[in-house]
Amino acid sequence: MKTYTQKQEEVKRKWYLIDAENQILGRLATRIADILNGKNEVTYTPHTDSGDFVVVVNADKIRVTGRKMTQKMYYKYTGYPGGLKSKTFEEVISTDPERVIHGAVKGMLPKNRLSPHKLTRLKVYTGSVHPHEAQNPEKIEL
């Protein structure tokens, strides 16, 4: 029996909708990363970009466990001396909740040339309204 290898022309991308309300950040990010990688499909091939699109809504209602709300820090460096800026999870989730999910999923994708292309298929929105209704995304319950 020969090993099946999926080719890029054979990839048929689906759209999935995930509601992040009351979901734990890490568990949600691993599930999203698996879908972006294509590991939820039977025809998964590591060297091809065979993942699907993921639309995440209600990003501002995400949960974290323990004391991460006050202790987890997000850093940004401007490139200048003394330019290291830091914010807590609380501050980031109130100002830019898309950044939290986007960063968590980015960290869980493989570090190779395909990961930036996979990350472009992740669409994160703060509210419950999104502009991708025309694609008929399939709702996933976690």
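The preceding data block contains the structure.
Here we summarise the structure given alongside this text. What you see as residue numbers is a count from 1 along each chain, following the sequence as written. Since the coordinates come from a predicted model, pLDDT governs what is reported: local features require at least 70, and pairs of side-chain atoms require 80 or more to be given and counted, while whole-chain, interface and lining totals use all residues. As a rule here, side-chain values come from all non-hydrogen atoms in the structure, and water together with hydrogens is ignored.

In the sections that follow, a salt bridge refers to a side-chain nitrogen of Lys or Arg positioned within 4 Å of a carboxyl oxygen of Asp or Glu. Under the counting rule described, the total for this entry stands at 3 salt bridges. Salt-bridge contacts for K14 lead to E41; the nearest nitrogen and oxygen are separated by 3.7 Å. Here the residue K14 occupies a position in the segment before strand 1 (15-19), and E41 occupies one in the loop between helix 1 (25-37) and strand 2 (53-57), the gap between them amounting to 27 residues. Remark: exposure states derive from per-residue accessible area (1.4 Å probe, protein chains only) relative to the maximum for the residue type, with buried under 20%, exposed over 50%, and partly exposed in between. Using a relative accessible area of 38% as the deciding quantity, one classes K14 as partly exposed. Its relative accessible area of 24% is what places E41 among the partly exposed residues. Only DSSP runs of H or I reaching four residues or more are called helices, and only runs of E reaching two or more are called strands; each is numbered from the N terminus.

Turning our attention to a positive patch on the surface. By definition, no residue in a patch forms a salt bridge, and every one has over 30% relative accessible area; like charges are joined within 9 Å, nonpolar side chains (Val, Leu, Ile, Met, Phe, Trp, Tyr) within 5 Å. For every accessible area listed, the method is Shrake-Rupley and the probe measures 1.4 Å; residues are considered covered only by the protein chains on display. Note that His is not counted, nor are the chain ends; the positive residues are Lys and Arg, and the negative ones are Asp and Glu. One atom stands in for each charge, and that atom is NZ of Lys, CZ of Arg, CG of Asp or CD of Glu. Judged by side-chain charge, K76, K85, K87 and R99 come together as a positively charged surface patch. Of note, R99 is situated in helix 4 (residues 97-108).

Where strand 3 (residues 73-77) lies against strand 4 (residues 84-88), 5 bridges are found, and the strand directions are antiparallel. By the bridge assignment for strand 4, Y77 is matched with L84. Between the end of strand 3 and the start of strand 4, which pair antiparallel, lie 6 residues, with G79 showing a positive phi angle near 100 degrees. Paired strands, in this sense, are two strands between which DSSP finds at least two bridges.

It is worth spelling out the sheet that holds strand 1 at this point. The parallel open sheet is built from 4 strands, whose spatial order is 5-2-1-6. Both edges of this open sheet fall to strand 5 (122-124) and strand 6 (138-140), since each of them pairs with a single strand only. Direction aside, the axes of adjacent strands within the sheet are offset by 25 degrees on average. By the bridge criterion, 5 bridges tie strand 1 to strand 2 in an arrangement that is parallel. Paired with D19 across the bridge in strand 2 is V57. Fitted lines through C-alpha atoms give the axes, limited to the stretch in contact for helices. The angle between two N-to-C directions lies from 0 to 180 degrees.

The contact between helix 1 and helix 4 brings their axes to 8 Å, and the two run at 60 degrees. Between helix 1 and helix 4, the angle falls in the class oblique. Between helix 1 and helix 4 lies a crossing of right-handed hand. Along the contact surface, helix 1 presents L25, G26, L28, A29, T30, I32, A33 and L36, while helix 4 presents V100, I101, A104, V105 and M108. For this classification, Asp, Glu, Lys and Arg are treated as charged, while Ala, Val, Leu, Ile, Met, Phe, Trp, Tyr, Cys and Pro are nonpolar and the rest, including Gly, are polar. For the contact of helix 1 with helix 4, the residue count by class is 11 nonpolar, 2 polar and no charged. The scheme is simple: roughly parallel for angles under 35 degrees, roughly antiparallel for over 145, roughly perpendicular for 65 to 115, oblique for anything else. If you view the pair so one helix is near and one far, a crossing is left-handed when the near helix is turned anticlockwise from the far one by less than a right angle, and right-handed when it is turned clockwise. The contact criterion used is simple: two residues touch if any of their non-hydrogen atoms lie within 4.5 Å.

Relative to the helices and strands, P97 resides in helix 4. Separated by 29 residues in the primary sequence, P97 and T126 have C-alpha atoms spaced 6.7 Å apart. Apart from the residues within four sequence positions on either side, P97 is in contact with A59, D60, V92 and T126.

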